[in-house]
Amino acid sequence: IALRHLANSGAVVRHPNAHMDAVRPGALMYGIADRQAGEALPDTRQAMSVKARVVSVKRLHAGESVGYGRTFTTPRETVVAVLPIGYADGYRRVLGNRGRVLIRGGSFPVIGRVSMDLVSVLVDNPIRVGDEAVLVGSQQGELGSGSISTWELADLCDTIPYEIWTSLGSRVERVLSN
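If you're wondering where the values come from, they're calculated on a predicted model, not measured in any experiment.

*Asks:* What is the right way to read the pairing of strand E7 (residues 106-111) from this model?
*Replies:* Each regular strand shows side chains that alternate between the opposite faces of the sheet. Where strand E6 (residues 100-103) meets E7, 4 bridges bridge the pair, whose relative direction is antiparallel. By the bridge assignment, Val101 is partnered in E7 with Phe108.

Structure below.
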C-alpha cells in the first residue's frame, strides 16, 4: 500500500493515531465539525453560507394568514419580509414555522410554509427591500450578530449537514471568496 489513510473528519480530531500518511477532512474543511468530537474540535468556521436579498416587506393586519395552507396567522399587526428562495433551491419545506434567518444581525423566524420560490419571515425592526438575509452562515449588523449552522438546519430537518449542502439547487448562485 503506497499511501495509508483512515482519518475522516471525526478521526482528524479524535484519533491522531489514525492519521498515518494522510487525512481526509472532507466536511471539516467546510466547517461541518463532527459533533462527537465535542470540546476537542479545532478552531473551525463554516466556510459556506446561503444568502438571499429581501424582495418585499409588507405590513399585515391581525388575523391574516401567511403561506400555503394558512399554517401561520398573524396574532397582531405584523411586518413580513419575503425572500426569493424556497424548496426548489434546497431550503427545505419542513423549515416553515421552524427555521430562522438573520437580517441586519438580528434573528427572525420563518413563518408559514416554505414555498417553491419564496420564504416569509416575521420581522419587527426596520427591515428594507434589498437587505441581506442569511439562511446559513454568520452575520453582524446593527441588530446584533449571530450565526445559523448547518447542524442547526440539519437538526430541524431531521437529517445530516451533508444533505443540506448537497440539496442546494442550481438556481443558487455560487460565489467564491477569500
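*Asks:* Can you walk me through the nonpolar core in this structure?
*Replies:* Burial of nonpolar side chains together is a common tendency in soluble globular proteins. With 31 residues, the main nonpolar core has Leu83 and Tyr91 as its most contacted residues. Mapped by element, the contributors of at least two residues to this core are strand E1 (50-53), strand E5 (78-83), E6, E7, strand E8 (119-123), strand E9 (132-141), helix H2 (150-156) and helix H3 (161-166). Contact partners of Leu83, with chain neighbours within four places excluded, come to Ala52, Arg53, Val54, Val101, Asp117, Leu118, Val119, Val121, Ala133 and Leu135. Grouped together as the second largest cluster of nonpolar side chains are 6 residues, Leu60, Val66, Phe72 and Val80 included.

*Asks:* Please explain unusual backbone geometry as it appears in this structure.
*Replies:* In most cases, non-glycine residues show a negative phi, while peptide bonds are predominantly trans. The residue Met20 is not glycine, and still its phi comes out positive at about 45°. Take Met20: it is sitting in the loop between helix H1 (9-14) and E1. Within the chain, Arg104 stands out as a residue other than glycine whose phi angle is a positive 55°. Locating Arg104 in the fold gives a position in the loop between E6 and E7.

*Asks:* Explain empty space enclosed by the protein to me, please; I cannot follow it from the model alone.
*Replies:* By rolling a water-sized probe across the atoms, one finds the places where empty space is left. A complete count under the given rule lists 1 cavity of 30 Å³ or more for this structure. For the largest cavity, the calculated volume is near 80 Å³. For the lining of the largest cavity, the class distribution of residues is 8 nonpolar, 1 polar and 2 charged.

*Asks:* How do you make sense of the environment of Arg93 when you look at a structure like this?
*Replies:* Along the chain, Arg93 falls in the loop between E5 and E6. Distance from Arg93 to Ser115, taken between C-alpha atoms, is 6.9 Å for residues 22 residues apart in sequence. With residues near it in sequence (within four places) discarded, Arg93 still touches Tyr87, Arg113 and Val114.

*Asks:* Would you explain the side chain of Thr159 in this entry?
*Replies:* The topology assignment puts Thr159 in the loop between H2 and H3. What makes Thr159 buried here is its relative accessible area of 16%. The contacts of Thr159, once residues within four sequence positions are left out, are Arg92, Ala154 and Ile164.

Cut-offs used in this document
- Residues numbered from 1 in each chain as written.
- Predicted model: local features only at pLDDT ≥ 70, side-chain atom pairs only at ≥ 80, totals over all residues.
- Heavy atoms only, no water.
- Pairing = 2+ DSSP bridges.
- Helix = DSSP H or I, 4+ residues; strand = E, 2+ residues; numbered from the N terminus.
- Core = buried A, V, L, I, M, F, W, Y, C linked by side-chain atoms within 4.5 Å.
- Buried < 20%, exposed > 50% of the residue type's maximum accessible area, 1.4 Å probe, protein only.
- Contact = heavy atoms within 4.5 Å.
- 1 Å grid on protein atoms, 1.4 Å probe; cavity = no way out; pocket = protein on both sides within 12 Å on 5 of 7 lines; lining within 4 Å.
- Points joined across faces, edges and corners; volume = space filled by probe spheres on them.
- Nonpolar A, V, L, I, M, F, W, Y, C, P; charged D, E, K, R; others polar.

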